[in-house]
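# Tertiary structure, described
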Amino acid sequence: MIKQQYDDGKNHIHVLSYGGGTQSTALLLMALKGEINGVIPD
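Scoring rules and cut-offs
Sequence order as written defines the numbering, with residues in each chain counted from 1. The predicted nature of this model means local features are confined to residues of pLDDT at least 70 and side-chain atom pairs, given and counted, to a pLDDT of 80 or more, with totals for whole chains, interfaces and linings taken over all residues. To obtain the side-chain values, all non-hydrogen atoms of the structure were included, while hydrogens and water were left out. Runs of E in the DSSP output that reach at least two residues are strands. Runs of H or I that reach at least four are helices, and both are numbered from the N terminus. For every residue, the accessible area obtained with a 1.4 Å probe (protein chains only) is divided by the maximum for its type, and the residue is called buried under 20%, exposed over 50%, and partly exposed between those limits. Contacts: residue pairs with any heavy atoms within 4.5 Å of one another. All accessibility values rest on the Shrake-Rupley procedure with a 1.4 Å probe; residue burial counts only the protein chains present in the view. In protein, a polar contact means a hydrogen-donor-capable atom and an acceptor-capable atom, both N or O and within 3.5 Å, with residues adjacent in sequence counting only if both atoms are side-chain atoms; elsewhere, any N or O pair within 3.5 Å suffices.

## Quick look at the overall build of the chain
- Tallying secondary structure elements over the chain gives 1 helix and 0 strands in all.
- By residue count, 12% of the 42 residues in the chain fall in the buried class.
- A separation of at least 24 residues holds for 47% of the contacts in the chain among residues at least 6 apart in sequence.
- Carbon and sulfur atoms provide 54% of the accessible area of the chain, an area that totals close to 3600 Å².

Listed below in structure tokens is the structure:
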């Protein structure tokens, strides 16, 4: 599960592994819209 806030006080980055296929393209578009727990990849 992707979290926006963590309790450890550290800075975190969110990375999306993009392979160019159907599933990763759909995941990228959903992530850019903030539809995955409201987290947008860095």
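## A short note on the environment of histidine 12
- Structurally, the position occupied by histidine 12 is in the segment before helix H1 (22-32).
- Excluding anything up to four places from it in sequence, histidine 12 contacts Tyr6 and Asp42.

## Focus: the environment of isoleucine 40
- Tracing the backbone through its elements, the reader meets isoleucine 40 in the segment after H1.
- Expressed as a C-alpha distance, the spacing of isoleucine 40 and valine 15, which sit 25 residues apart in the sequence, is 9.0 Å.
- Non-local contacts of isoleucine 40, meaning those with residues more than four positions away in its chain, are made with His14, Ala31, Leu32 and Gly34.

## Let's talk about the side chain of serine 24
- In this structure, serine 24 sits in helix H1.
- A polar contact of 3.2 Å, which involves the side chain of serine 24, links it to the backbone nitrogen of glycine 21.
- Once you skip the residues sitting within four places of it in the chain, serine 24 turns out to touch Ser17, Tyr18 and Gly19.

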